[in-house]
Amino acid sequence: MAGVVTNIKADSRTAERPKHVTEAPWVKWTLIGIALLYMTLLLVLPLITVFVQAFKKGLEVYLSAFTDEAARHAITLTLKTAAIAVPMNIIFGVCAAWTITKFKFKGKNVLITLIDLPFAISPVIAGLVFVLLFGAKGWFGPWLNDHDIQIIFALPGIVLATAFVTFPFVARELIPVMQTQGVQEEEAAATLGAKGWYIFWKVTLPGIKWGLLYGIILCNARAMGEFGAVSVVSGHIRGETNTIPMHIQILYQEYKYAASFAFSTLLVGLALVTLLAKWFLEWKQGQTET
């Protein structure tokens, strides 16, 4: 009997790993080596270089990069922009994902395509579009000037450009999650007399919370690191409309390398925190499912 069980286990392992599709060990290790080399050259070494250059002249020089008034303003403006743009995209992402996954209507594929549009358009082009719309010579420029409303070269323009570049992240994380979730639970709750908001908070939200949190993390990281679109609509006014990425560029162009790399560690640190948060959410979701 034991021999039969052993043969069955051996046959099952053979079925799981057919010989005709099993690669030789040298192929596996070659591919792993190429992947590690590629990641080291394009990811690990640049990150190490940023921190080495930032602390090259000592901790005092590193900390002094953040004491300048323009530096503090850049940090404040970046945080303020993210604090406005990210909640906007959370609301849009939840509404868009809900509409796409819970309802059937004509033009659904068009809406999905439009959500993906910022991934296909250069951020610089997006910034130029806002200048053409809200600039002094733009479509709404004269009306805005008459009512003393400034969008371009001010916080509203920076927020609009950032929101445009980052709005797909939350929606794109939620759509597959809500498609997998289906509508059966919501329909059952509605049959029992539950209303719309109660259904969302008690039925829908618990099922999408991990995807929502992951989308928020990615959206926030992208918002704080955005350069192309913001550089067009901000005007590069030092101490007024420069965010962290633009302040880094100015410092580097002024040959203040230590300060520019010191500021770069903020964005690198944000990227590392984002990766750790992603890993934690995936681990937590796995723990919850098991």
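Residues numbered from 1 in each chain as written. Predicted model: local features only at pLDDT ≥ 70, side-chain atom pairs only at ≥ 80, totals over all residues. Heavy atoms only, no water.

In the annotation of an unreviewed UniProt entry, the protein is listed under the name Sulfate ABC transporter permease subunit CysW and assigned to Paenibacillus planticolens. Per UniProt, the protein carries the Function (unreviewed entry) text "Part of the ABC transporter complex CysAWTP (TC 3.A.1.6.1) involved in sulfate/thiosulfate import. Probably responsible for the translocation of the substrate across the membrane." (UniProt positions renumbered as here; feature names shortened; annotations may be inferred.)

Student: Describe the overall build of the protein, listing the residues and the values that go with them.
Tutor: Looking only at helices and strands, the protein features 15 helices and zero strands. Computed over C-alpha atoms, the radius of gyration of the protein comes to 25 Å, more than 25% over the 19 Å expected from 2.2 N^0.38 for 290 residues, which places it beyond the range of a compact globule. Each principal axis of the C-alpha atoms in the protein carries an extent, and together these give about 85 × 60 × 30 Å. Here the protein, with 290 residues, has 34% of them falling under the buried criterion. (Helix = DSSP H or I, 4+ residues; strand = E, 2+ residues; numbered from the N terminus. Rg over C-alpha atoms; globule rule 2.2 N^0.38 Å. Buried < 20%, exposed > 50% of the residue type's maximum accessible area, 1.4 Å probe, protein only.)

Student: Which residues make up the environment of Ile90, and what are the values?
Tutor: With respect to the helices and strands, the residue Ile90 is situated in helix H4 (residues 69-102). Exposure remark for Ile90: the relative accessible area of 22% places this residue in the partly exposed category. As a C-alpha pair, Ile90 and Leu213 span 123 residues in sequence and 9.7 Å in three-dimensional space. Each residue touching Ile90, except ones within four places of it in the same chain, is listed here: Val170, Leu212 and Ile216. (Contact = heavy atoms within 4.5 Å.)

Student: So what about the packing of aromatic side chains? Which residues, and what values?
Tutor: For any pair of aromatic rings, geometry is given as the distance between the ring centres together with the angle between the planes. All told, the structure shown has 16 aromatic pairs when counted by the stated rule. Plain terms: the ring middles of Trp197 and Phe200 are 6.2 Å apart, the flat faces sit at 90° to each other, and that makes the pair edge-to-face. Note that Trp197 and Phe200 are positioned in helix H12 (residues 196-225) at a spacing of three residues, about one turn of the helix. A relative accessible area of 64% means that Trp197 is categorised as exposed. An angle of 40° between the planes, with centres 6.0 Å apart, marks the rings of Phe280 and Trp283 as tilted. (Phe/Tyr/Trp six-rings, centres within 6.5 Å; stacked < 30°, edge-to-face > 60°.)

Student: Provide a residue-level description of the pattern of salt bridges, including the pertinent values.
Tutor: Taken as a whole, this structure holds four salt bridges when the rule is applied. Its salt-bridge partner being Arg222, residue Glu226 comes within 2.4 Å of it at the nearest N-O pair. Take Glu226: its relative accessible area is 3%, and that puts it in the buried class. Close ionic contact of Glu254 with Arg238 constitutes a salt bridge, the shortest N to O distance being 2.6 Å. Placement of Glu254 in the loop between helix H14 (244-253) and helix H15 (257-289) and of Arg238 in the loop between helix H13 (228-234) and H14 is noted, with a sequence separation of 16 residues between them. Using a relative accessible area of 35% as the deciding quantity, one classes Glu254 as partly exposed. The class for Arg238 is partly exposed, based on a relative accessible area of 34%. A cluster of three or more residues bridged by salt bridges with shared partners is formed by Arg238, Glu254 and Lys256. (Salt bridge = Lys/Arg side-chain N within 4 Å of Asp/Glu carboxyl O.)

Student: Now, about the side chain of Ser231: what can you tell me, with residues and values included?
Tutor: Note that Ser231 resides in helix H13. If sequence neighbours within four positions are ignored, Ser231 has contacts with His236 and Met246.

Student: Outline the UniProt feature "transmembrane region" (unreviewed entry) in the protein, listing residues and values.
Tutor: Here, the residues flagged by UniProt with the feature "transmembrane region" (unreviewed entry) are residues 29-55, 75-98, 110-134, 149-171 and 257-281. Segment residues 75-98 splits into 100% helix and 0% strand. End C-alpha atoms: 34 Å apart.

Student: Before we move on, could you go through the environment of Leu144 and cite the residues and values that matter?
Tutor: Position of Leu144 relative to the elements: it lies in helix H8 (residues 141-146). In the structure, Leu144 is positioned ten residues away from Phe134 in sequence and 7.6 Å away in space, judged by C-alpha atoms. Ignoring any residue separated from it by four or fewer positions in sequence, one finds Leu144 in contact with Phe134, Ile149 and Ile151.

Student: Any details on the UniProt feature "domain: ABC transmembrane type-1" (unreviewed entry) in the protein? Residues and values, ideally.
Tutor: Here, the residues flagged by UniProt with the feature "domain: ABC transmembrane type-1" (unreviewed entry) are residues 75-278. Annotated as residues 75-278, this span is 79% helix and 0% strand, and its ends, taken at the C-alpha atoms, are 24 Å apart.

Student: Residues and numbers for the state of the cysteines, please.
Tutor: One pass over the structure, following the stated rule, counts zero disulfides. Take Cys95: it sits in no disulfide, and the sulfur closest to it among the cysteines is that of Cys219, at 14 Å. Under the relative-accessibility criterion, Cys219 is labelled buried at 0%. (Disulfide = S-S within 2.5 Å.)

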